[in-house]
Amino acid sequence: MEISAVPPYRLETVVTRVVPPDVLVNFSGNRYSVPWRYVGETVEVQVRGSEVLLLFRGEPIACHSKLAGSGQRCIDPAHLQGLFRNPCERPAPHPPRFDPQWPGDDVMIRDLAIYDQVAGL
């Protein structure tokens, strides 16, 4: 009986992780960043040679070089873009509510005696 050196199937363990608020997914004692939009989502972590690939619903969202040892972080600055607003940037101004040009809903005007009637006074 001859035993094949390479099995006819891939031996792979699928590892899933939920993306924490700091966008750093923990894997093998190290932490790898994913785009901030995936916070709270479950991602799949795969090792392919010397790379760590992170997938969301089968689509790759991040790829990092595998870190040696443990306690290290690999962060792609592009994963954080859009997460923080520039503190020097002013938000768009909103007109005050009393502005007659304000596109709000109209308030129904009614006689206050109706409230006495509802209350049975």
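Computed from a prediction, not measured in an experiment: that's the story for all the values here.

As a further point, take the confidence of the model for the chain. Mean pLDDT over the chain stands at 82; residues scoring 70 or higher make up 74%. For the chain, per-element mean pLDDT is lowest for helix α1 (residues 113–119), which scores 85, and highest for strand β3 (residues 30–33), which scores 96.

A separate point is the sheet that holds strand β7 (residues 73–74). As summarised here, the arrangement of the 3 strands in space is β2-β3-β7, forming an open sheet in which the pairing is mixed. The open sheet has two edge strands, β2 (24–27) and β7, and neither has a second partner. The sheet contact formed by β3 and β7 spans 2 bridges and is parallel. Note on β7: the bridge partner recorded for Tyr 32 is Cys 74.

With that settled, consider a nonpolar patch on the surface. There is a patch of nonpolar side chains on the surface, built from Ile 75, Leu 80, Leu 83 and Phe 84 and spanning about 370 Å² of accessible area. On the accessibility criterion, Leu 83 (33% relative accessible area) is partly exposed.

The next subject is the pairing of strand β6 (residues 59–65). Inspection of the sheet shows strand β5 (residues 51–56) paired to β6 by 6 bridges, in the antiparallel sense. Residue pairing in the sheet places Leu 54 in a bridge with Ala 62 of β6. Where β5 hands over to β6, the hairpin turn is made up of 2 residues, of which Arg 57 adopts a positive phi near 55°.

What follows deals with the pairing of β3. Bridge count for β2 against β3 is 4 bridges, and the pairing is antiparallel. Note that in β3 the partner of Asn 26 across the bridge is Arg 31. The antiparallel hairpin formed by β2 and β3 contains 2 residues in its connecting segment, where Ser 28 sits at a positive phi of about 50°.

The rules behind these values
Going along each chain's sequence as written, the residues are numbered from 1 onward. Only residues with pLDDT of 70 or above have their local features reported here, since the model is predicted, and side-chain atom pairs are shown and tallied only from 80 upward, although totals for entire chains, interfaces and linings are computed over all residues. Calculated side-chain values reflect all of the structure's heavy atoms, with hydrogen atoms and water omitted. Summary of the metric used: pLDDT quantifies the predictor's per-residue confidence within the range 0 to 100. Only DSSP runs of H or I reaching four residues or more are called helices, and only runs of E reaching two or more are called strands; each is numbered from the N terminus. At least two DSSP bridges between two strands are needed for those strands to be called paired. The patch calculation keeps residues exceeding 30% relative accessible area without a salt bridge and links them within 9 Å when they carry like charges or within 5 Å when they are nonpolar (Val, Leu, Ile, Met, Phe, Trp, Tyr). Here the accessible surface of atoms and residues is derived via Shrake-Rupley with a 1.4 Å probe, and residues count as covered only by protein chains that are part of the display. Each salt bridge in this description consists of a side-chain nitrogen of Lys or Arg and a carboxyl oxygen of Asp or Glu lying within 4 Å of one another. Categorising residues by exposure relies on relative accessible area from a 1.4 Å probe, with only protein chains included: less than 20% of the type maximum marks a residue as buried, more than 50% marks it as exposed, and the intermediate range marks it as partly exposed.

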